[in-house]
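One letter stands for each residue in the lines below.
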Amino acid sequence: MRKYLLIVPAVVVLLVFLVIPYIDIIFISLHPAADDRPYGSGFTLRNYVQVLTDGYLVHQTAMTLWIGLVTTCATLVLGFPVAWFMAHSSARARAIQQGIVLMPLLVGIVVRSYGWTVILGNNGILNRLARDIGLTRSVLPLMYNSLGIVIALTHVFLPFMILPIFGTIRSLDPALFLAGRSLGASPAITMRRVILPLTMPGIQSGCVLVFILSVSAYVTPMLIGGMRVKTMPMTVVNTLIDAFQWPFGAAQALVLSAIGALIVLVFFRLTPLRWSR
Amino acid sequence: MTTVAIENLTRHFGRTRALDDISLSIDDGHFVSFLGPSGCGKSTTLRVLAGFDACDRGRILFDGQDVAALPPEQRDIGMVFQSYALFPHMTVGQNVAFGLEMRRLPRDAIRQRVRAVLDLVHLADHSDRHPRQLSGGQQQRVALARALVIEPRILLLDEPLANLDAILREEMRVFIRELQQRIGITTIYVTHDQAEAMAMSDMIVVMFGGRVAQVAPPRDLYECPGSLQVASFVGQANYLAGHVAHDNGQLAVVTPLGTRPLDGRSAITAPAPARNILIRPESICITPPAASDAVPATVISVQYGGNLTNYVLALADGQQLHVQTATPPSHAGGDRVGVRLADAPLWVIPDCRP
């Protein structure tokens with residue numbers, strides 16, 4: 001019984017700063033809007049109906065989830081080889097590599113995202129380079145669209161994919177890969193049949209982290225999208241702060257959360273950890 | 001089946017020579033152990049044979065075919081790892097079937113062969129278990145079955161018994177050796193445990209510092225070590241300063257503990273001064289102090305080992321002797337005793353002066 005005392009502080013913090021506000025948001029979302037107060041009196045589901053039937057919002061939600069999905073896939077494809085490489089480096093090299101992987105996190109997200117506008121912008125480094133070497137005459141649309149947002153988010157969230165996968169690969173017996181080879185499997189097949197299933201816990205954590213972070217990202221899409229592409233978090237903030245429609249904004253936020261949670265659940269279902277049972 | 005030849009194998013790790021011009025040939029169906037302290041190159045040799053490590057120079061021939069350039073999956077080897085390296089997400093049956101699936105055998109044939117090999121290692125009713133549900137010894141046998149089921153050209157074992165407790169280790173020694181002889185597969189076994197190597201092998205390759213120190217059958221290795229280093233690594237040894245002289249028309253070895261004939265396997269053909277004579281602990285007898293032709297000694301310590309008793313004795317000049325008897329302890333520390341050599345030929349360590 002006494003061991004539960006260890007988690008009491010964390011539980012209290014979560015309760016006060018996460019659970020109670022969440023319940024409050026749910027509460028708000030079930031009330032009508034009011035002109036002179038944050039929300040009016042009386043129970044209503046109208047806010048939810050509005051979120052789910054408004055063509056613009058549905059499209060935005062879909063695009064936000066799509067950006068999250070593509071970013072997750074991109075970080076997975078880029079991150080797995082890095083994690084594998086790190087796990088098979090010498091201890092000293094690994095320390096340096098970990099530093100390099102974590103380095104982007106030391107720079108604030110605003111600065112990093114702004115850095116990407118310098119690179120991706122219409123007059124940015126990439127576009128100028130493309131023009132100078134005669135690759136294209138028109139402007140490459142790298143910014144103010146979802147492609148730019150995915151590129152920037154992939155960079156920002158790559159460490160969150162690499163580190164959990166690196167952790168699971170490190171915990172594997174290095175002889176497993178060799179065992180597969182000795183039994184006649186090529187490196188690719190050994191990877192698919194032996195290593196990939198065993199690193200699934202790391203892949204799952206990495207994917208969930210990156211997906212959730214991407215879907216709820218605000219700063220990066222705002223700077224790269226330049227308000228021309230709006231993801232759901234930006235719309236939610238607009239609704240809450242600019243339009244002062246608390247109940248409607250709360251419903252938007254909750255619908256996005258719910259769909260995100262549903263996708264994570266389905267994802268866990270599709271990637272079973274058979275061996276850990 | 002398969003003969004293995006290693007020719008001038010050399011491998012550097014940075015500046016250190018992990019393998020220094022190793023050459024060796026292994027007969028078909030032989031069980032050969034690579035024995036040596038850690039870092040002597042025995043594991044590296046195995047990794048190079050398996051294809052996990054490249055060699056800088058040299059050839060590896062399986063039945064005369066150079067495989068040095070082939071990746072491991074094309075060498076047709078069966079390998080058992082020290083950690084067993086069983087796939088934890090697969091059942092025992094799936095683990096064993098893996099190699100056969102890679103060879104694209106029909107499903108029925110796979111099922112048959114998996115069952116047959118699991119029978120062979122007495123695990124037929126564990127096919128649906130996962131590796132972590134098995135004991136260390138059982139995991140070891142699954143690893144063996146997985147390596148054998150593909151009917152490889154050679155079987156490579158990398159310290160497979162190192163993680164087992166002592167009793168199980170002895171059992172597995174017998175089991176592996178018996179299995180190997182039944183199948184008749186050419187086997188290379190890496191170990192730092194000399195007792196293991198002696199018990200199992202047809203031939204032992206002793207390695208020190210990336211070089212082959214001696215290649216010999218277990219008995220020759222124990223009785224006729226080629227150097228002081230080998231003599232000390234394989235079993236316990238006493239060294240007495242002595243010389244080789246004529247005695248009744250034969251060559252004899254003269255030691256402070258007495259004179260005995262020279263071992264017939266020795267290359268020495270003429271009297272030789274000042275040599276190191278190998279005396280194994282079991283070829284020294286403890287006698288009463290006043291017995292004829294006995295040399296006086298003092299008991300320093302006694303170690304009871306059940307079936308054997310180990311003594312440390314000191315001669316008058318201070319030299320210590322390790323003595324092993326098959327009788328229960330009959331002396332205690334401080335006792336004055338006599339020692340004499342057993343009536344057996346003596347081995348002179350080649351090219352080694354005291």
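Our subject is the structure listed above.
Calculation notes
Residues numbered from 1 in each chain as written. Chains lettered and ligands numbered in written order. Predicted model: local features only at pLDDT ≥ 70, side-chain atom pairs only at ≥ 80, totals over all residues. Heavy atoms only, no water. Helix = DSSP H or I, 4+ residues; strand = E, 2+ residues; numbered from the N terminus. Buried < 20%, exposed > 50% of the residue type's maximum accessible area, 1.4 Å probe, protein only. Contact = heavy atoms within 4.5 Å. Areas by Shrake-Rupley, 256 points an atom, 1.4 Å probe, with all protein chains shown as cover. Lys, Arg positive; Asp, Glu negative; His and termini not counted. Charge placed at Lys NZ, Arg CZ, Asp CG, Glu CD. Polar contact = N/O pair within 3.5 Å; in protein donor to acceptor, adjacent residues only side chain to side chain. Core = buried A, V, L, I, M, F, W, Y, C linked by side-chain atoms within 4.5 Å.

Novice: Just checking my understanding: could you explain the overall build of chain A for this structure?
Specialist: Scanning chain A for helices and strands turns up 13 helices and 0 strands. When the helices and strands of chain A are read in sequence order from the N terminus, they spell out α-α-α-α-α-α-α-α-α-α-α-α-α. The C-alpha extent of chain A, read off along each of the three principal axes, is 70 × 70 × 30 Å. Counting across all 277 residues of chain A, residues that qualify as buried make up 41%. Across chain A, every contact between residues at least 6 apart in sequence was considered, and the portion connecting residues at least 24 apart equals 67%. Only carbon and sulfur atoms are counted for the fraction: they give 72% of the accessible area of chain A, which is about 15300 Å². Seen as two clouds, the 19 positive and the 7 negative side-chain charges of chain A have centres 21 Å apart.

Novice: Can you walk me through the environment of Arg265(B) in this structure?
Specialist: Residue and element names in this part refer to chain B. Along the chain, the position of Arg 265 falls in the loop between β13 (258–261) and β14 (272–279). Taking C-alpha positions, Arg 265 is 18 Å from Ile 204, a pair spaced 61 residues apart along the chain. Those residues in contact with Arg 265, other than ones at most four positions away along the chain, are Asp 220, Glu 223, Cys 224 and Trp 347. Within polar-contact distance, the side chain of Arg 265 engages the side chain of Glu 223 at 2.6 Å.

Novice: I keep staring at the nonpolar core and nothing clicks. Help me out?
Specialist: Grouped together as the largest cluster of nonpolar side chains are 109 residues, with contacts concentrated most on Phe34(B) and Leu118(B). Looking at this core, the element that brings in the most residues is helix α7 (residues 146–171) of chain A, giving 12 residues. Setting aside residues up to four positions removed in sequence, Leu118(B) forms contacts with Val92(B), Val96(B), Leu123(B), Ala124(B), Ser127(B) and Ala145(B). Listed in part, the 23 residues of the second largest apolar core include Val244(B), Ile284(B), Ala297(B) and Leu346(B).

Just geometry here; none of it tells us what the structure is for.
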